[in-house]
Amino acid sequence: MTTYLPDGYEISADPARIDAARVHHWLSTDAYWAMHRPREKQDKAIAGSLNFGVYEVGSGEQVGYARVVTDHATFGWLCDVYVDRRVRGKGLGKALAAAVRDHMGPMGVRRILLATKDAHAVYAEVGFEPLPGPDQWMVFYFDQSLRPQPR
């Protein structure tokens with residue numbers, strides 16, 4: 001598979017490297033899907049997921065994050081993909097999505113799903129495509145504020 005990672009960055013799935021405080025700050029203050037998410041909930045999500053970090057090679061500073069909710073055998077849901085605003089535009093989001101894809105493939109996972117409001121082109125570049133038969137999928141909302149409003 002094609003690697004998109006620019007020089008000077010690395011991606012790791014080592015959970016010990018995740019800067020949970022930084023991830024929480026990014027998501028709870030700057031990600032439309034996770035605004036105001038409590039730290040306890042974010043920490044629980046990290047603990048129950050396969051996590052990926054993007055790091056600057058020289059400093060080791062974390063500059064990106066993604067997690068996959070998965071059974072490690074049949075299914076994965078890619079979520080909470082975030083790249084620090086100061087390093088956007090370098091292809092790190094694309095590299096992160098490709099790294100997740102490449103990490104999950106050898107597990108025998110049959111599909112990885114994701115939802116995005118604004119990054120379809122990024123994911124398409126690494127092989128994601130629109131969901132076939134969206135009428136076959138359903139959702140249950142515990143939080144009714146997440147339910148789409150009629151237009």
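Refer to the structure presented above.
Every chain's residues receive numbers from 1 upward, in the order its sequence appears when written. The predicted nature of this model means local features are confined to residues of pLDDT at least 70 and side-chain atom pairs, given and counted, to a pLDDT of 80 or more, with totals for whole chains, interfaces and linings taken over all residues. Note that water and hydrogens are dropped before the side-chain values are worked out from all heavy atoms of the structure.

Novice: Describe the pairing of strand 3 (residues 62-70), and please don't skip the residues or the numbers.
Specialist: Residue exposure (1.4 Å probe, protein chains only): buried if accessible area is under 20% of the type maximum, exposed if over 50%, otherwise partly exposed. Labels follow the DSSP assignment, with helices taken as runs of H or I lasting at least four residues and strands as runs of E lasting at least two, numbered in each case from the N terminus. Judged by how many residues are buried, strand 3 sits mostly within the fold: 8 of 9 residues are covered. Strands qualify as paired when DSSP identifies two bridges or more between them. Note: strand 2 (residues 50-56) against strand 3, 6 bridges, orientation antiparallel. Bridge pairing in strand 3 places Y55 opposite Q62. In this antiparallel pair of consecutive strands, strand 2 and strand 3, the connection spans 5 residues, and G60 shows a positive phi of 80°. In the sheet, strand 3 pairs with strand 4 (residues 75-83) via 6 bridges, with the strands oriented antiparallel. Its bridge partner being in strand 4, V68 is matched across the sheet by L78. The antiparallel hairpin formed by strand 3 and strand 4 contains 4 residues in its connecting segment, where H72 sits at a positive phi of about 65°.

Novice: Mind laying out the pattern of salt bridges, listing which residues take part and the relevant values?
Specialist: Here, a salt bridge means any side-chain nitrogen of Lys or Arg that lies within 4 Å of a carboxyl oxygen of Asp or Glu. Following the criterion strictly, the structure yields 13 salt bridges and no others. Each of D19, R22, E56, E61, D84 and R86 takes part in one network of salt bridges that share partners.

Novice: Can you lay out the sheet that holds strand 3 for me, pointing to particular residues and giving the numbers?
Specialist: With mixed pairing, the 5 strands of this open sheet are ordered in space as 1-2-3-4-5. What marks the edges here is a single partner per strand, and that holds for strand 1 (9-12) and strand 5 (111-113). Between one strand axis and the next, the sheet turns by 20° as a mean value, whatever way the strands run. All axes are obtained by fitting lines to C-alpha atoms, using only the stretch in contact for helices, and the reported angles, taken between N-to-C directions, cover 0 to 180 degrees.

Novice: Describe helix 3 (residues 92-104), and please don't skip the residues or the numbers.
Specialist: To estimate the expected span of a helix, subtract one from its residue number and multiply by 1.5 Å. Here helix 3 contains 13 residues, and its C-alpha end-to-end distance of 18 Å stays within 8% of the 18 Å for a straight helix at 1.5 Å per residue. Those residues of helix 3 lying buried are L92, A95, L96, A97, A98, A99, V100, R101 and M104. Here a residue-residue contact requires only that any non-hydrogen atoms of the pair lie within 4.5 Å. Where the residues of helix 3 are buried, they touch strand 1, strand 2, strand 3, strand 4, strand 5 and helix 4 (120-124).

Novice: I'd like a rundown of helix 2 (residues 39-47), residues and numbers included.
Specialist: Along helix 2, the residues that are buried comprise Q42, A45 and I46. One face of helix 2 carries all of its buried residues, which in axial projection span an arc of 100°. Exposed residues pointing more than 90 degrees away from the buried face of helix 2 are listed as E40, K41, K44 and A47. Residues of helix 2 that are buried make contact with helix 1 (20-30), strand 2, strand 3 and strand 4. In this description, one arc is meant: the one made by directions from the helix axis to the C-beta atoms.

Novice: Summarise the packing of helix 1 against helix 2; cite the residues concerned and give the values.
Specialist: The contact between helix 1 and helix 2 brings their axes to 10 Å, and the two run at 120°. With respect to the hand of their crossing, helix 1 and helix 2 are arranged in right-handed fashion. Residues A20, A21, V23, H24 and L27 of helix 1 lie in contact with helix 2, whose contacting residues are R39, Q42, D43 and I46. Just so you know the grouping, Ala, Val, Leu, Ile, Met, Phe, Trp, Tyr, Cys and Pro go in nonpolar, Asp, Glu, Lys and Arg go in charged, and all remaining residues, Gly too, go in polar. Residue composition of the contact of helix 1 with helix 2, by class: 5 nonpolar, 2 polar and 2 charged. By definition, turning the near helix anticlockwise from the far helix through less than a right angle yields a left-handed crossing, and turning it clockwise yields a right-handed one.

Novice: Residues and numbers for the packing of aromatic side chains, please.
Specialist: Two rings from Phe, Tyr or Trp (for Trp, the six-membered ring) form a pair when their centres are within 6.5 Å of each other. A pair whose planes differ by under 30 degrees is stacked, one over 60 is edge-to-face, and the rest are tilted. Across all of its chains, the model carries 4 aromatic pairs by this definition. Plain terms: the ring middles of W26 and Y82 are 5.2 Å apart, the flat faces sit at 25° to each other, and that makes the pair stacked. Residue W26 is located in helix 1, and its partner Y82 is located in strand 4; the two are separated by 56 residues in the primary sequence. The same class applies to W26 as to Y82, namely buried. Aromatic pair F140 and F142: ring centres 4.9 Å apart, planes at 75°, arrangement edge-to-face. Exposure class is identical for F140 and F142. Each is exposed. Distance and angle both matter: a charge sits over a ring if NZ of Lys or CZ of Arg is within 6 Å of the ring centre and within 35 degrees of the ring normal. Here the basic side chain of R88 rests over the ring of Y82, its NZ or CZ set 4.9 Å away from the ring centre. Here K117 stacks its cationic end above the ring of Y32, 4.4 Å away from the centre of that ring.

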